[in-house]
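# Structural characterization, general
Listed below, chain by chain, are the residues.
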Amino acid sequence: MNNRSRKDSAAIKAPASAKPGRNAYSYFPGCSLTGSAGEYDASFRLTSEALGIRLDEISDWNCCGASPAPHHWSGNLGVLLPARNLHIASGEHEAMVAPCAGCYNRLKNAQHELTGSEELREQAARVLQEPVRYEIEILNLVELFAREVSPEALAERAQGRLAGLNLATYYGCLLTRPAKIMNFDNHRNPVSMKPLLRATGAQSDHFPFKSECCGSYMGLAKKEIVLRASRRVIEVAAGLGFDAIVTACPLCHQNLDLRQGQINKAFGTSLDMPVLYYSQVLGLALGLGSDDLGIDAHAISARKLLAKIGKGDDGPAAATRSAPAATRPTPEATRSAPAANPASRRQVGCG
Amino acid sequence: MAILVSSTVADGAAVVAEIERRSGERVSACYQCGRCTSTCTGSFVFDYPPHRIMRLLQLGQVDEVLNSRTAQLCFDCMTCSTRCPMNIDVANVIEHAKMIADERGIEGDEKDVRLFRLAFLQNVRRHGRLHEARLLTWINLRSFKPFNDLELVPLILRKKKIHIVPPRIRNRRQLHRIFREVNGGDKS
């Protein structure tokens, strides 16, 4: 529907003077990123800035409704709440980015439903009191980075900083499902985090549980589901010798990281698996400080992992590590590099 | 008696047709291979695993489906839907069964899940954004489990994973219109 190539939009839209980054996006943080997943927001903003991507937070955005809205009310709350955000964002940029997999999923679903139903569009227009605009392109941060950053450019800047790590890519449910609406990567075997992760110097072997469910929003209401589902994901990752799980979903992160202690208590296990956000890993690769990226905001300490890549104890060492500007190529270096071609991105194998 | 049975069957067929119409899925296409069940994340707490839900619907036994723990507890991870060889969106079928159960006022035993959804939306309705601290407190009080997740609180505070002051949006008039549009949002 909105098959906009990056080049076209630059040609049509860009008033060259007003562009500090190569491309500007509407940014929909969502509730988690302003609360319990603050480090996801911080690391996303920092990493985007370092990569020359401009993010403009959508003005006065509201909660997307998450899972409860479409599940609970049989009215169209699950469409109307995100519709307001789509409407505001559509007036600001041609594409928006929602790093939270839940928001991303809800926004795309709402867009799909609005596209297919005149009645819904009328309903949305009634609450907005003007014709609803909804045809903005919606991206997750995995897609955003895959589009804006080529593995070659990242490799050049990362200089193998993350060499020695083996990172499990974990996509969960909401990024890829339902496949016909989300249209994200290959829904049975998503691979779109892999090219950039490998460009950091890290290893990223196949993680067979990459799209298993972590237990979703049942943490408060039916905890045993989350504990059991998340335990499987973490245990498999640990058994395969991964150093960390990399995710792009604050709810997955909460279940895998914050509840890992509860899992250990419930099952008598001794799991100790750091769970990092994709933006944090890319930030580390770019030489940003681990404190700024909020690596320490997790329940499971990533200290061992940082030590492995020569970051030692987070605090002071991190500062000295990111200090020498000589080792960091200028932003121009990446700016001139060709952007990842979305078409070729799809063909990257997983092996 | 004969009349009772046939009316139940007729109602069953009507509900199945309604589920098929709303979800756009064909229940009859299922041939019971069981792949949905083999990948189901939650089936260990369900009474009927997904493939049996499909079979019950094929047989028109909607009462079992609408009252099932599966319909109350399925959290829509959609793993089953990606594995179905007939491309049936099984999760979507269960989802619509759940909505019809809701509409019919079927409450079921899994009160906490219902409570969570309600609490979440009441929370959003108030400020336009989710206030996580409030949600946790509300759920614990209303479900009479005040100590649920309490062990996480020091961790959450230490890692600054919470805001005390609720976030709120400016245009709450628009927000209220949204909730009014869906029947006042009082359906629980």
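Residues numbered from 1 in each chain as written. Chains lettered and ligands numbered in written order. Predicted model: local features only at pLDDT ≥ 70, side-chain atom pairs only at ≥ 80, totals over all residues.

## Here's the deal with the overall build of chain A
Condition: Helix and strand definitions here come from DSSP, where helices need a minimum of 4 consecutive H or I residues and strands a minimum of 2 consecutive E residues; each element is numbered from the N-terminal end. Here the C-beta atoms are placed from the backbone, and a residue counts as buried if at least 20 other C-beta atoms lie within 10 Å of its own, exposed if 12 or fewer do, and partly exposed otherwise. Note on contacts: each residue gets a C-beta atom placed from the backbone, and two residues are in contact if those atoms are within 7 Å.
The helix and strand tally for chain A stands at 19 helices and 7 strands. Scored against the burial criterion, the 351 residues of chain A give a buried share of 60%. Within chain A, residue pairs in contact and separated by at least 24 positions form 79% of the contacts whose partners lie at least 6 positions apart.

## A closer look at the overall build of chain B
A tally of regular secondary structure across chain B gives 11 helices and 0 strands. Helices (α) and strands (β) of chain B occur, in sequence order from the N terminus, as α-α-α-α-α-α-α-α-α-α-α. Principal-axis analysis of the C-alpha atoms places the extent of chain B at approximately 60 × 35 × 30 Å. Taking all 188 residues of chain B together, 39% fall into the buried category.

## Concerning the nonpolar core
Residues and elements named next belong to chain A. Stated precisely, the cut-off is as follows: Nonpolar cores are identified as sets of buried Ala, Val, Leu, Ile, Met, Phe, Trp, Tyr and Cys residues joined via C-beta atoms within 7 Å.
Ranked by internal contacts, the top residues of the largest apolar core, which has 157 residues, are Met-96, Ala-244, Ile-245 and Val-246. Here the element with the most residues in this core is helix H5 (residues 77–90); it accounts for 8 residues. Sequence-distant contacts of Ile-245, defined by excluding residues within four places in its chain, comprise Ala-168, Tyr-170, Ala-237, Leu-256, Met-273 and Val-275.

## What about the confidence of the model for chain A?
All names here are of chain A. Short version of the rule: The predictor rates its confidence in each residue with pLDDT, a number between 0 and 100.
In the predicted model, chain A carries a mean pLDDT of 85, and 81% of its residues have values of at least 70. With pLDDT under 50 throughout, residues 1–21 is counted as low confidence; its partners more than four residues away or in other chains account for 17 contacts. Note on residues 314–351: pLDDT under 50 across the span, and 56 contacts to partners over four residues away in sequence or across chains.

## Description of the sheet that holds strand E4 (residues 137–139) of chain A
All names here are of chain A. Rule in force here: At least two bridges found by DSSP between two strands is the condition for calling them paired. Convention adopted: a line fitted to C-alpha atoms gives each axis, helices being fitted over their contacting stretch, and angles between N-to-C directions are expressed from 0 to 180 degrees.
With parallel pairing, the 4 strands of this open sheet are ordered in space as E2-E1-E3-E4. The open sheet terminates on both sides in strands that have one partner only, identified here as strand E2 (53–57) and E4. For this sheet the average axis-to-axis angle between neighbouring strands, irrespective of direction, equals 35°. Across 2 bridges, strand E1 (residues 23–27) lies against strand E3 (residues 95–97) in parallel orientation.

## Looking at the interface of chain A and chain B
Across the boundary between the two partners, chain A contributes 47 residues, which contact 53 residues of chain B. Taken together, the elements giving at least two residues each to the side of chain A that touches chain B come down to helix H2 (30–34), helix H4 (68–72), H5, helix H7 (118–128) and helix H12 (223–239) of chain A.

## Looking at the confidence of the model for chain B
All names here are of chain B. Across chain B, pLDDT averages 88, with 92% of residues at or above 70. No element of chain B has a lower mean pLDDT than helix H1 (residues 2–23), at 77, and none a higher one than helix H3 (residues 50–58), at 97. Predicted confidence is poor over residues 1–6, with pLDDT under 50, and the contacts of this stretch with residues over four places away or in other chains come to 0 contacts. With a pTM of 0.86, the predicted complex shows an ipTM of 0.90.

## Quick notes on the environment of Gln-254 of chain A
All names here are of chain A. Following the sequence through the fold, Gln-254 ends up in helix H13 (residues 250–258). Considered as a pair, Gln-254 and Ser-32 are 222 residues apart in the sequence and their alpha carbons are 10.0 Å apart. Here Gln-254 is in contact with Ser-36, Gly-219 and Arg-259, once residues within four sequence places are set aside.

## Some details on the domain arrangement of chain A
All names here are of chain A. The line we're drawing: Note: domain ranges come from an automatic or database domain assignment. Three categories are distinguished: nonpolar for Ala, Val, Leu, Ile, Met, Phe, Trp, Tyr, Cys and Pro, charged for Asp, Glu, Lys and Arg, and polar for the others, with Gly belonging to the last.
Each assigned domain of chain A is listed here: domain 1 (13–141) and domain 2 (150–346). On the side of domain 2, 29 residues touch domain 1, which itself brings 28 residues to the contact. At the level of secondary structure, the elements contributing two or more residues to the side of domain 1 that touches domain 2 comprise H2, helix H3 (38–50) and helix H6 (101–116). Residue classes in the side of domain 1 that touches domain 2 are distributed as 13 nonpolar, 12 polar and 3 charged.

## Quick notes on the domain arrangement of chain B
When cut into domains, chain B gives domain 1 (2–103) and domain 2 (111–185). With centres defined by C-alpha atoms, the gap from domain 1 of chain B to domain 2 of chain B works out at 30 Å.

## Describing the sheet that holds strand E6 (residues 244–247) of chain A
Residue and element names in this part refer to chain A. Read from one edge of the open sheet, 3 strands run E5-E6-E7, paired in parallel fashion. In the strand order of this sheet, the two ends are held by strand E5 (167–170) and strand E7 (275–277), each with one partner. For this sheet, the mean angle separating the axes of adjacent strands, direction not counted, is 35°. Where E6 meets E7, 3 bridges bridge the pair, whose relative direction is parallel. Residue pairing for E7: Ile-245 is matched across the bridge by Val-275. Where helix H15 (residues 278–285) meets the sheet, its contacts fall on E5, E6 and E7, and the angle it forms with E7 comes to roughly 80°.

## Concerning the pairing of E5 of chain A
If a strand is regular, its side chains alternate between the two faces of the sheet. All names here are of chain A. Because side chains alternate across E5, one face comprises the buried residues Leu-167 and Thr-169, and the other comprises Ala-168 and Tyr-170, equally buried. Note that E5 and E6 share 4 bridges and pair parallel. Paired with Tyr-170 across the bridge in E6 is Thr-247.

## Comments concerning the environment of Thr-34 of chain A
Residue and element names in this part refer to chain A. Within the secondary structure, Thr-34 is located in helix H2. Judged by C-beta crowding, with 17 C-beta atoms within 10 Å, Thr-34 ranks as partly exposed. On a C-alpha basis, the gap between Thr-34 and Val-132 in space is 26 Å, while along the polypeptide they are 98 residues apart.

## Describing the pairing of E1 of chain A
All names here are of chain A. Of all 5 residues in E1, 5 are buried; the element is thus mostly enclosed. Of the two faces of E1, both are covered, the one formed by Asn-23, Tyr-25 and Tyr-27 as well as the one formed by Ala-24 and Ser-26. The pairing of E1 with E2 spans 5 bridges and is parallel. Bridging across to E2, Asn-23 finds its partner in Ile-53.

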